[in-house]
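Residue-level structure breakdown
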Amino acid sequence: SHFTLSEFTRSDTAQKNGIENMPSEAQIKNLECLCALILDPLREAIGHPIIINSGYRCCRLNSILCGARNSAHIHGLAADFTFGDNTYLLDWAWCLLKSVNHPYRQYIDQCIYYKDHRFIHVGLPKKVDLEINFGWNEGREWNSGGALRTPPCLWVPARLAGKGRQRSAKVG
């Protein structure tokens, strides 16, 4: 994966308010699915780092931020991201995420482009049984570098990744 847990838990608001914004094991698995199904394929297709503005939020942090009571951020199923000041890449990401050719389009529950604030919100549905689809093993979910683990079933079509090869997998 191109992402670390700290990218999804970092919050100035949490730090200012003394909030430990740390997800449970189940929420970490959700974040891993979010990376594997949406963020990693997008990062590979665009070829530029994605900056996570807001990822996981504990209930207290979500409340302080005036987030929706049933926010997908609370479950580790959503992220807000940008490419810094590069609106061209943000526009391109929006087109890829909304494309019928996106390999995991069926898993994208929320995809909102906040053009005025220059970020995209993406989220997975709360009811999808991703754990079965990925066949997660029980136990530790981190590699030695602290990065979120991308399941081996990641598939990015060559036409999106700009590469001459494809990685296939069974999802669903």
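Please read these numbers as outputs of a predicted model, since none were measured by experiment.

A short note on the packing of aromatic side chains
Aromatic rings considered in pairs are described by the distance between their centres and by the relative angle of their planes. Applying the stated criterion across every chain yields a total of five aromatic pairs. Between the aromatic rings of Phe 3 and Phe 8, the centroid separation amounts to 5.9 Å while the plane-to-plane angle is 65 degrees, which identifies the pairing as edge-to-face. Centre to centre, the rings of Trp 94 and Tyr 113 are 5.6 Å apart; their planes meet at 50 degrees, and the pair counts as tilted. Taken together, the residues Trp 94 in helix α5 (residues 87-98) and Tyr 113 in strand β3 (residues 110-114) connect sequence positions 19 residues apart. The class of Trp 94 is partly exposed, set by a relative accessible area of 24%. For Tyr 113, a relative accessible area of 15% puts it in the buried group.

Some remarks on the sheet that holds β3
The strand order β1-β2-β4-β3 describes an open sheet built from four strands, whose pairing is antiparallel. Strands at the two margins of the open sheet, each flanked by one partner only, are β1 (51-54) and β3. Looking at each pair of strands side by side, their axes are set apart by 30 degrees on average, direction ignored. Bridge count for strand β2 (residues 78-82) against strand β4 (residues 119-123) is four bridges, and the pairing is antiparallel. The partner of Phe 81 across the bridge, within β4, is Ile 120. Each of β2, β3 and β4 is contacted by α5, which is oriented at about 155 degrees to β3, the strand it contacts most.

A look at unusual backbone geometry
Backbone geometry places Cys 66, a non-glycine residue, at a positive phi of 60 degrees. Position of Cys 66 relative to the elements: it lies in the loop between α4 (59-64) and β2. For Arg 118, which is not glycine, the phi dihedral falls at a positive 55 degrees. Structurally, Arg 118 can be placed in the loop between β3 and β4. Look at Arg 118 and you get partly exposed, because its relative accessible area is 39%.

Comments concerning the pattern of salt bridges
Considering all chains together, one arrives at three salt bridges under this definition. A salt bridge links Arg 57 to Asp 80; its shortest N-O distance comes to 3.7 Å. Taken together, the residues span a long stretch of sequence, with Arg 57 in the loop between β1 and α4 and Asp 80 in strand β2 at a distance of 23 residues. A single burial state applies to Arg 57 and to Asp 80, both of which are buried. Linking Arg 118 and Asp 85 is a salt bridge whose minimum nitrogen-to-oxygen distance equals 3.4 Å. With Arg 118 in the loop between β3 and β4 and Asp 85 in the loop between β2 and α5, the pair connects residues that are 33 residues apart, well separated along the chain.

Topic: the state of the cysteines
Summed over all chains, the structure comprises zero disulfides. Cys 35 carries a free sulfur, and the closest cysteine sulfur to it, the one in Cys 33, is 9.4 Å from it.

Definitions and cut-offs
Residues numbered from 1 in each chain as written. Predicted model: local features only at pLDDT ≥ 70, side-chain atom pairs only at ≥ 80, totals over all residues. Heavy atoms only, no water. Phe/Tyr/Trp six-rings, centres within 6.5 Å; stacked < 30°, edge-to-face > 60°. Helix = DSSP H or I, 4+ residues; strand = E, 2+ residues; numbered from the N terminus. Buried < 20%, exposed > 50% of the residue type's maximum accessible area, 1.4 Å probe, protein only. Pairing = 2+ DSSP bridges. Axes fitted to C-alpha atoms, helices over the stretch in contact; angles between N-to-C directions. Contact = heavy atoms within 4.5 Å. Salt bridge = Lys/Arg side-chain N within 4 Å of Asp/Glu carboxyl O. Disulfide = S-S within 2.5 Å.

The analysis is restricted to geometry; functional conclusions fall outside its scope.
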